[in-house]
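Observations on chain architecture
What follows is each chain in one-letter form.
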Amino acid sequence: MTEIEQLAALIRVLSRLPALGRRSAERIALRLVRDRDGLLKDLIQALGAVRETIRECSLCGGITTRDRNPCPLCSDQRRDDSHLCVVESPSDQMIIERSGAYRGRYFVLHGKLSPREGLGPDNPRIRRLLERVTQRGVQEVILALGMDVESEATMSFLASELEKRGIRVSHLAYGIPAGSGVAYVDDLTLKRAIVWRQPVRPE
Ligand SMILES: [Zn+2]
């Protein structure tokens, strides 16, 4: 590989990052190579440390460290086992946790139902969730997903599967803007959306 090919390879890797187009990837790559003893070195160090220590929690699928698996949210005895909050990503889990309105357990889906992304009803994550609700006395599942078409499809699929298993299913109340998810609301709105959550299918 020539030097320029190596730079092109870096740009290709960077443009695979979420929300980063090719132009931004180029700008970042050029900035990194111009600052090899500063930013580039720090980034290599941080990436190495993350690769070494950060893991996915074996219970909820959130982010944890190698020596704390299950994560603190799954192993904290003071949390309520009867409530399980289903989120799309670890960052949504962090946002709900930061709101302080929820003291139950979590389950991270790592996506939503989309045949395009291979997250159909046969997806291992969905199977894992359906197994998970039969453990530790889960009584209510709160679907804290977004308000876009794929999230709604995911919610309706999960709601019917969970109800078949005798689980109460609710979703976040008003306040989540249409077409978005929990990442787009402020803490107070999110707190209200959790406290005033609604049954997916009113009795
Ligand atoms: Zn966990």
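The following paragraphs examine the structure supplied in this document. (Residues numbered from 1 in each chain as written. Predicted model: local features only at pLDDT ≥ 70, side-chain atom pairs only at ≥ 80, totals over all residues.)

Notes on the overall build of the protein chain
Cut-off, in case you're wondering: A helix here means a DSSP run of H or I that spans at least four residues, while a strand means a run of E at least two residues long, and both kinds are numbered starting from the N terminus. Residues with at least 20 other C-beta atoms within 10 Å of their own are called buried, those with 12 or fewer are called exposed, and the rest are partly exposed. The C-beta atoms themselves are positioned from the backbone. What counts as a contact here is a pair of residues whose C-beta atoms, placed from the backbone, lie within 7 Å.
A tally of regular secondary structure across the protein chain gives eight helices and seven strands. Looking at the 203 residues of the protein chain, the share that counts as buried comes to 25%. Pairs at least 24 apart in sequence give 55% of the contacts found in the protein chain among residues at least 6 apart.

Some words on the sheet that holds strand S3 (residues 80–87)
What counts is decided by this rule: Pairing between strands requires that DSSP locate at least two bridges from one strand to the other. Axis definition: a line fitted to C-alpha atoms, limited for helices to the stretch in contact. Angles are taken between N-to-C directions and run from 0 to 180 degrees.
Pairing is mixed in the open sheet, where five strands are placed in the order S4-S3-S5-S6-S7. Whereas interior strands pair on both sides, the edge strands pair on one side only; in this sheet they are strand S4 (104–108) and strand S7 (198–199). Bridge analysis of S3 against strand S5 (residues 140–143) gives four bridges, and the strand direction is parallel. Directly across from histidine 83, in S5, lies its bridge partner glutamate 140. Strands in contact with helix H7 (residues 149–164) are S3, S5 and strand S6 (168–171); relative to S6, the strand with the most contacts, it is inclined by about 160 degrees.

Quick word on the packing of helix H5 (residues 90–99) against helix H8 (residues 187–195)
Selection criterion: Orientation is classified from the angle alone, with under 35 degrees giving roughly parallel, over 145 giving roughly antiparallel, 65 to 115 giving roughly perpendicular, and any other angle giving oblique. The classification used treats Ala, Val, Leu, Ile, Met, Phe, Trp, Tyr, Cys and Pro as nonpolar, Asp, Glu, Lys and Arg as charged, and all other residues, Gly among them, as polar.
The interhelical angle for the contact between H5 and H8, taken along N-to-C directions, is 90 degrees, at an axis separation of 9 Å. By the angle class used here, H5 and H8 are roughly perpendicular. Across the interface between the two elements, Ile95, Ile96, Arg98 and Ser99 from H5 touch Asp187, Leu190, Lys191 and Ile194 from H8. Class assignment of the residues belonging to the contact of H5 with H8 gives a composition of four nonpolar, one polar and three charged.

Quick look at H8
We apply this condition: The arc under discussion is defined with respect to the helix axis, by the directions toward the C-beta atoms.
Looking only at H8, the buried set comprises Leu190, Ala193 and Ile194. Buried residues of H8 fall within an arc of 100 degrees about the axis and therefore sit on the same side. For H8, exposure combined with an orientation more than 90 degrees from the buried face picks out Leu188 and Val195. The inward-facing, buried residues of H8 contact H5.

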